[in-house]
Structures are given as C-alpha cells and as structure tokens.
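Structural overview for review
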Amino acid sequence: HWTSKNADDTEWFRAAIELPWLLPLTSTDEKIAGVLLSILQACRLQNPAFLNTEEGVMVRTHIDFPREWGLGTSSTLIAALARWADADPYSVLFDTLGGSGYDIACAYSEGPVVYRLEGRKPVVEAVEFRPSFVENLYFVYLGNKQDSREGIRRYRERAGENAAFTDEISNLMQEFLAAASLAGLDSVIREHELLISKMLELPRAKDLYFNNFWGEIKSLGAWGGDFALVTSDRPEAETKAYFALRGFDTFLPWRDMVMDGR
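Now for a quick tour of the structure.

1. So, a negative patch on the surface
On the surface, a cluster of negative charge is made up of Asp167, Glu168, Glu175 and Glu191. If one sorts the elements of the negative patch by residue count, helix α6 (residues 163-178) sits on top with three residues. Structurally, the position occupied by Glu168 is in helix α6. Assessed through its relative accessible area of 34%, Glu168 is described here as partly exposed.

As structure tokens, then:
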C-alpha cells in the first residue's frame, strides 16, 4: 500500500500493488501508478530480492514543500527507492524516466556539486560555492512547470554531440563558481542564458517576463520552467516587491532555499 502526501498533509496519490508480482491493483491515478511501477520494476531488475515477498508493506511519502514547485521530486523518489532496493539510482533513472542524472547526484549530495556524463557514466564532483554576495541571490517561482524530459529532448536535438558548445558551457560553469563579485556573476549568467537561448531557439526568462529588471535571471531545470535564480544589488524588500507587482509571489532568499550541509 502506497500513500503520498503534500506539505499540508493532504493526500495526493494512493495505490495498492500486489506482491511479489508488482502488479497494479488500485490507484487514484493510473498514469502515476504506471510510473511508480516502472521504477519499482527497474529496482527489481537490479535486485531480484527487492519486494519479492507476499508480506505486506506500507509506504508513505511526505513532501515538505509545494509539489508544484518541482525541485527534482521524481529523481528524489528514484534515489530513495534505489537506496531502499540497494540498486544503482542512475541505472534506474536511465531505464525509466530518462534524463541527465543531475537530480540524482543532488539527491545524494550534502553540498554543492558539478555534474557531467561521460557516455552513460555519471561524474560527480563536490565543489565550494559560498560567495560573499550570497545575500544578493534569490529564487523566484515562475509558475510554469516544465516537462524535464521534453526540455532534455529539445536540448539534445539541437546541441547533440557539439563538443565546442559543451566546452563553452563547462568553462562558464567554472567562471560561475569562481565569480568574485555580483557583477562578475551577472556577466556569467548573462552569457550562459544567451548561449542556451540561441541553442534552443527559445527566449530567456528575463526577456519573457522581466525585461526591465536591473539584475540577472537564470533559468533552472527545464528551460523557462519552475524556478529562476535571481541576482539583485538592491535591498531584498525592493527586489521582492518588483516580482510581487508582476504576480510572482513566491520569492525565496538563498538562505531559505539552499541547505548547506557541509
């Protein structure tokens, strides 16, 4: 028996799955149940003993932020189930939902990381990112949830195996980490956004929603999707008011969003 609850303790999904065969019995959403079963079956492929019993199991998940925010919830679920099943989470992801695996790396990390794929092999490196201007960084929810798989497909269609493009993005990432000032970070974000915008043939979030904003805005996740990273050299209250006036009320300072466990 599987039950999933929202941050306010309301139930958003429930299913019953027959063990040991991992067959659906009942659910409140067949599509979600199908995704869940595919993840469980992928775990079983790696560990035949996983849930291979007729003894009943009660599973409860409880999210601690609004579910519509995204924030890698699918990959977090995969990471949790793979850990339970003693399975490789990246293989489970690649065999089910697909994607780069970046969110899996984040789910297992206790601090900032940089991530890349070498073929199908994930490479995760712990890094430091504690800029002196961290109080000038914010997150704004755009309220436009994107399909990560569609975003990845679009990127791969256009970028493909373009080594020069990949190298340029990697160099910008290093510059992002090394930025010594807010102005320096703004420059990197602007260059990165313009580069991705050109490659995907999609407008920047700043051009779409905030073309008169004084700072910079970087899309996070699927392009133009759930959240954006915002920089501002003006007071927090003034920055928050700018977005609130335009209907973007979910405004989170870096300190409220990022949990630095190292």
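2. Things to note about the sheet that holds strand β7 (residues 137-141)
The strand order β8-β9-β7-β10 describes an open sheet built from four strands, whose pairing is antiparallel. In this open sheet, the two edge strands, each paired with only one partner strand, are β8 (217-219) and β10 (251-253). Neighbour-to-neighbour, the strand axes of the sheet open up by a mean angle of 25°, direction not taken into account. Examined bridge by bridge, β7 and β10 share three bridges and lie antiparallel to one another. In the sheet register, Val140 faces β10, and the bridge partner there is Phe251. This element, helix α9 (residues 236-245), spans β7, β8, β9 (227-231) and β10 of the sheet and lies at about 155° to β10.

3. Points about helix α2 (residues 73-85)
Under the 1.5 Å per step criterion, the end-to-end length of α2 is 18 Å for 13 residues, consistent within 8% with the ideal 18 Å. Residues of α2 that are buried make contact with β1 (2-5), α1 (30-46), α3 (89-95) and α4 (102-108). In the stretch just after α2, Asp86 is the one whose phi turns positive, near 55°.

4. With respect to the pattern of salt bridges
Applying the stated criterion across every chain, the model contains 11 salt bridges. Across the salt bridge formed by Glu11 and Arg14, the nearest N and O atoms sit 2.7 Å from each other. Taking the relative accessible area as the measure of exposure, Glu11 reaches 37% and is therefore partly exposed. Residue Arg14 is classed as partly exposed on the basis of its relative accessible area, which comes to 40%. In this structure, Asp207 engages Arg204 in a salt bridge whose closest nitrogen and oxygen atoms are separated by 3.1 Å. The exposure class assigned to Asp207 is partly exposed, which follows from its relative accessible area of 42%. Owing to a relative accessible area of 11%, Arg204 belongs among the buried residues under this scheme. One salt-bridge network, in which partners are shared between bridges, spans Arg190, Arg204, Lys206, Asp207 and Glu216.

5. Some words on unusual backbone geometry
In this structure, the amide linkage connecting Leu19 to the following residue, Pro20, adopts the cis form with an omega of 5°. Residue placement: Pro20 occurs in the loop between β2 (11-18) and β3 (23-27). Within the chain, Asp86 stands out as a residue other than glycine whose phi angle is a positive 55°.

6. Brief notes about the sheet that holds β3
Across the sheet, four strands lie side by side as β3-β2-β1-β4; this open sheet has mixed pairing. Two strands in the sheet have a free side with no partner beyond their single neighbour: β3 and β4 (59-62). Sheet twist, expressed as the mean angle between neighbouring strand axes with direction ignored, is 20°. Here β2 runs beside β3; their pairing, made up of four bridges, is antiparallel. Across the sheet, the residue bridging to Ala16 is Thr26, located in β3.

7. Digging into α1
With 17 residues, α1 extends 25 Å from end C-alpha to end C-alpha; this agrees with the ideal 24 Å at 1.5 Å per step. Along α1, the residues classified as buried are Ala33, Leu36, Leu37, Ile39, Leu40, Ala42, Cys43 and Arg44. Check the buried side of α1 and you find it contacts β1, β2, β3, α2 and α3. Measuring from the backbone nitrogen of Lys31 back to the side-chain oxygen at the start of α1 gives 3.0 Å, which picks out Asp29 as the cap.

8. As for the pairing of β2
The side chains of a regular strand alternate, first on one face of the sheet and then on the other. Pairing of β1 with β2 involves four bridges; the strand directions are antiparallel. Residue pairing across strands places Thr3 opposite Arg14, the latter belonging to β2. Counted between consecutive antiparallel strands, the loop separating β1 from β2 contains five residues, among which Asp9 sits at a positive phi close to 75°. In textbook terms, the turn of a hairpin is the stretch between consecutive antiparallel strands, and for β2 and β3 this stretch comprises four residues, one of which, Leu22, has a positive phi near 55°.

About the criteria used
- Residues numbered from 1 in each chain as written.
- Predicted model: local features only at pLDDT ≥ 70, side-chain atom pairs only at ≥ 80, totals over all residues.
- Heavy atoms only, no water.
- Patch = residues over 30% accessible without salt bridge, like charges linked within 9 Å, V, L, I, M, F, W, Y side chains within 5 Å.
- Areas by Shrake-Rupley, 256 points an atom, 1.4 Å probe, with all protein chains shown as cover.
- Salt bridge = Lys/Arg side-chain N within 4 Å of Asp/Glu carboxyl O.
- Lys, Arg positive; Asp, Glu negative; His and termini not counted.
- Charge placed at Lys NZ, Arg CZ, Asp CG, Glu CD.
- Helix = DSSP H or I, 4+ residues; strand = E, 2+ residues; numbered from the N terminus.
- Buried < 20%, exposed > 50% of the residue type's maximum accessible area, 1.4 Å probe, protein only.
- Pairing = 2+ DSSP bridges.
- Axes fitted to C-alpha atoms, helices over the stretch in contact; angles between N-to-C directions.
- Contact = heavy atoms within 4.5 Å.
- Expected span 1.5 Å × (residues − 1).
- Polar contact = N/O pair within 3.5 Å; in protein donor to acceptor, adjacent residues only side chain to side chain.

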